[in-house]
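# Structural description and commentary
Single-letter residue listing:
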Amino acid sequence: MRLLLCLVFGLLCAAACGNTTSPPATTLPDDTAPLSSAEPEESKESRRTTAGTLLPNLIIQVEGDVFVRHEGQVGDQRIPVGIGSRVEIGDLLYMDDDGETAVFCGDEALWGDNPRLLTPDNGFAGVPCLSKAPPLPAPDISRLRGEMDTTPDDVTNVAPYVLSPRGGWVSEERPLLRWQSPPGVETVTLMLVSEDGVERPPVTVSGSEIPFPEEWAPLEAGGANYRLQISGGITSTNFSLLEAETISRLHRQAEAIQAQIETEPGRSLVLAELYLHSDYDLWSEAVDLLLAVPDGEGETAVQKQLGQSYLLMGLFGEAQTALNRSLQSAQRDNLPEAAANALYLLGWAACGLGQVPETQSHWQDALQQYETLGIAEMSQEITAQLSRANDTCPLH
């Protein structure tokens, strides 16, 4: 599948290394399940076995007008692209004589030569990358619904809910805690339920985020599940702390990327891809990174990636907000493939909220755009999802 959005999102790879593993999205327990019902321990030791990390190939710099013709694309249409667009070996990039673009090749074996600055040769250049990152698995909508049976417009009028940490893994033993409260709720009581045998007393706090409480013992590595609970509200899904060896590897890779990519938002987009990679599944930390990127150039890709992260976490209202911003930015900047991408992901956000008509509408609009662009692979994917929408999307 071509774009990280297939489903959800054709951005990350399944290639991995190291010894720790991540609780897959499709096995996260629902918020009411006891902590002991989480993923069996043996499944947390079964991944990360290959020799290198494989991230998507991303455009991280654009000067002038740049267009792509994808390998296998029907017709000769040249599609405008911007920062954060995904490209593959076999694609052709078209530029004006004074235009240029830079590509980050996602195969870790090639990271030392990044970024690849491309200038036109007779008006075009090939993508100098060798590998293609496979898509993420589909989200398990019925288990990942992180909000109550409400729409994004009124969920904050109902109950507080945890934003972070929420599912996947964390790399900090004292992670930042964030939540969303409805109007009028000034204080909440936070509790950390754990499998590590350590008791941590409830804390009553105000605002919407706090550092990890000093009175709480730090998280322990080794696959222990944790769940952040909030008084009168909706808890997080299980999360765990990565092993020290895996955290060290993550830091080395992040430092390498930061040394290679000096400009924003390209640097943060690639780092977020690293965090979202199945080696790490640092969904909450990807969100924190992307929220810190200033508005401006690359907004379409930043908001799309933020929406994808929220989808993985089961925060479907937040995903809708980010993906609508991505769609508006793509339409404003004439990025039709990015707009189709945002519409497809908006369908999944609506699906998570049980909004089947909205899901079908978004997917129909995305299908029409992909057919117009000649991207048959995505057209086939969306057609298949439309046929299953009534079964896939849980009704309220």
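Residues numbered from 1 in each chain as written. Predicted model: local features only at pLDDT ≥ 70, side-chain atom pairs only at ≥ 80, totals over all residues. Heavy atoms only, no water.

To continue, consider the overall build of the protein. Helix and strand counts for the protein stand at nine helices and 15 strands. Within the protein, contacts between residues at least 6 apart in sequence are counted, and of these 69% link residues at least 24 apart. (Helix = DSSP H or I, 4+ residues; strand = E, 2+ residues; numbered from the N terminus. Contact = heavy atoms within 4.5 Å.)

This brings us to the confidence of the model for the protein. For the protein, per-residue confidence averages 83 on the pLDDT scale, and residues scoring 70 or more make up 81% of the total. Counting interchain partners and residues more than four positions distant, the pLDDT-below-50 stretch residues 146-156 has 35 contacts. (pLDDT = per-residue confidence, 0-100.)

Scanning the model with the defined rule gives 11 salt bridges in all. Here Arg 116 makes a salt bridge to Asp 113, at a shortest N to O gap of 3.9 Å. Note that Asp 196 and Arg 200 form a salt bridge whose closest N and O atoms lie 2.7 Å from each other. Across the pair, exposure class does not vary: Asp 196 and Arg 200 are buried alike. Three or more residues joined by partner-sharing salt bridges are found here, namely Asp 295, Glu 299, Arg 325, Arg 332 and Asp 333. (Salt bridge = Lys/Arg side-chain N within 4 Å of Asp/Glu carboxyl O. Buried < 20%, exposed > 50% of the residue type's maximum accessible area, 1.4 Å probe, protein only.)

Another point: the state of the cysteines. Here is the idea: a disulfide is a covalent bond, and it sits between the sulfur atoms of two cysteines. Inspection of every chain in the model, using the stated rule, returns two disulfides. For Cys 105, the disulfide goes to Cys 129, at an S-S distance of 2.1 Å. On the sign convention where negative means left-handed, the S-S torsion of about -80° between Cys 105 and Cys 129 marks this disulfide as left-handed. A residue pair is termed long-range when its members are at least 10 positions apart, and Cys 105 in the loop between strand E5 (100-104) and strand E6 (116-118) and Cys 129 in the loop between strand E7 (124-126) and helix H1 (141-144) qualify at 24 residues. Neither Cys 105 nor Cys 129 differs from the other in exposure class; each is buried. The disulfide partner of Cys 351 is Cys 393, and the S-S distance across this bridge is 2.2 Å. Across the S-S bond of Cys 351 and Cys 393 the torsion is about -110°, and the bridge reads as left-handed. Of the two residues, Cys 351 sits in helix H7 (residues 336-352) while Cys 393 sits in the segment after helix H9 (376-392), which places them 42 residues apart along the sequence. The exposure classification of Cys 351 matches that of Cys 393, with both residues buried. (Disulfide = S-S within 2.5 Å.)

Here helix H2 (residues 244-260) is 17 residues long and its end C-alpha atoms lie 25 Å apart, about the 24 Å a rise of 1.5 Å per residue gives. Looking at H2, one finds that the buried residues are Thr 246, Ile 247, Arg 249, Leu 250, Gln 253, Ala 254, Ile 257 and Gln 260. Relative to the axis of H2, the buried residues are bounded by an arc of 160° and lie together on one face. Structural note: H2 exposes Ala 244, Glu 245, Arg 252, Glu 255 and Ala 259 on the side pointing more than 90 degrees away from its buried face. Elements in contact with the buried residues of H2: E5, strand E15 (240-241) and helix H3 (266-276). (Expected span 1.5 Å × (residues − 1). Arc of directions from axis to C-beta.)

The strand order across the open sheet formed by four strands is E3-E2-E4-E7, and the pairing between neighbours is antiparallel. Where the open sheet ends on each side, the last strands, each with one partner, are strand E3 (79-80) and E7. Here four bridges tie strand E2 (residues 66-69) to strand E4 (residues 92-95), and the two strands are oriented antiparallel to one another. Note on E4: the bridge partner recorded for Val 66 is Met 95. (Pairing = 2+ DSSP bridges.)

Quick look at helix H8 (residues 356-373) now. Between the first and last C-alpha of H8 there are 26 Å, a value that for 18 residues agrees with the 26 Å anticipated at 1.5 Å per step. Within H8, burial applies to Val 356, Thr 359, His 362, Trp 363, Ala 366, Leu 367, Tyr 370 and Leu 373. Looking straight down H8, one finds that the buried residues subtend no more than 140° of arc, so they occupy a single side. In H8, the exposed positions angled more than 90 degrees off the buried face are occupied by Pro 357, Gln 368, Glu 371 and Thr 372. Phi for Gly 374, located one or two positions after H8, is positive at around 80°.

The subject of this paragraph is the pairing of E4. Inspection of the sheet shows E4 paired to E7 by three bridges, in the antiparallel sense. Bridging across to E7, Leu 92 finds its partner in Gly 126.

Turning our attention to the sheet that holds E5. Strand order in the open sheet made by the three strands is E1-E5-E6, with antiparallel pairing throughout. Only two strands of the sheet have a single neighbouring strand rather than two, namely strand E1 (58-63) and E6. Across the sheet, the axes of successive neighbouring strands diverge by a mean angle of 20°, strand direction being ignored. As paired elements, E1 and E5 share five bridges and run antiparallel to each other. Opposite Leu 58, over in E5, you have Phe 104 as the bridge partner. (Axes fitted to C-alpha atoms, helices over the stretch in contact; angles between N-to-C directions.)

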